[in-house]
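This is what each chain is made of:
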Amino acid sequence: MTAWRQLPLRARLVVLFSILLTFALVAVGGLALTLLKSSLVREVDRQLGSAAQSLVDAAFSDAQGYGGATTNSALPTDYAVVFATPDGREFQRCVRNTCIGLPSPGGSDAAADLGGPSLTGLDIDAVTARAGEPFAVGGTDGTSWRVIVAPLTNEYGTVNGTAAVALPLTAVNATMGMMAGALIAVGGGVLALTAVAT
């Protein structure tokens, strides 16, 4: 405290102003990052909601064969589609338009190599409780995914399983990283200019 009081008034004002400016920059930067992430995730959710049914329809034809790895050109390369039995056991996975039927020989190992979202709670009760709301999960390769799940019904309306459609958050995380870097650079520049000017 004694050393602080020995500083000239101008120096103390500069220090206090710099501290307040730093807090303001951190608060504004944090708010900007929060709003940006919220907007980007909403866009991913919108894409999932609009594409889910057509992707499930396109992928389900491959789910009938339980064969080895197959390429489904009707599926976009950035989505994942997963099917499970009513009790939640995954039986087919499509990632980057490659589909694996898990009951096939080596299917579980092939599905793990295929990657995609790490999913649990795909039974009918858990899926129904989600009420179509998107949620985030980790991936088998460390990538974050946004997922929407729904009961899988046949042409007669009978529920015979569940389906999950997912998009990776790689682009969202990359944008957030660039934005954070830009905010740090701008904030550092503002503080440096303030220090020089005062």
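Note that this is a predicted model, so its numbers are computed, not measured.

A word on the overall build of the protein. For the protein, the helix and strand inventory stands at five helices and seven strands. When its helices and strands are written in sequence order, the protein yields α-α-β-β-β-β-α-α-β-β-β-α. When each of the 198 residues of the protein is scored for burial, the buried share is 33%. When contacts within the protein are restricted to residue pairs at least 6 apart in sequence, long-range pairs at least 24 apart make up 52% of them. With an accessible surface of roughly 11,200 Å², the protein has 63% of that area assigned to carbon and sulfur atoms.

Linking two cysteines covalently via their sulfur atoms produces the bond known as a disulfide. Tallied over the entire structure, the rule returns one disulfide. At a sulfur-sulfur separation of 2.0 Å, the disulfide partner of cysteine 94 is cysteine 99. Handedness here is read from the sign of the S-S torsion; for cysteine 94 and cysteine 99, about 110°, the answer is right-handed. Accessibility assignment for this pair places cysteine 94 and cysteine 99 in one class, buried.

Attention now moves to the sheet that holds strand E1 (residues 70-71). Here seven strands make up an open sheet; going across it, the order is E1-E4-E3-E2-E7-E6-E5 and the pairing antiparallel. Every other strand in the sheet has two partners, leaving E1 and strand E5 (135-138) as the edge strands with one partner each. The pairing of strand E2 (residues 80-84) with strand E3 (residues 90-95) spans five bridges and is antiparallel. Directly across from valine 81, in E3, lies its bridge partner cysteine 94.

Reading the values: the criteria
Residues numbered from 1 in each chain as written. Predicted model: local features only at pLDDT ≥ 70, side-chain atom pairs only at ≥ 80, totals over all residues. Heavy atoms only, no water. Helix = DSSP H or I, 4+ residues; strand = E, 2+ residues; numbered from the N terminus. Buried < 20%, exposed > 50% of the residue type's maximum accessible area, 1.4 Å probe, protein only. Contact = heavy atoms within 4.5 Å. Areas by Shrake-Rupley, 256 points an atom, 1.4 Å probe, with all protein chains shown as cover. Disulfide = S-S within 2.5 Å. Pairing = 2+ DSSP bridges.

Any functional reading would require information that these geometric values do not contain.
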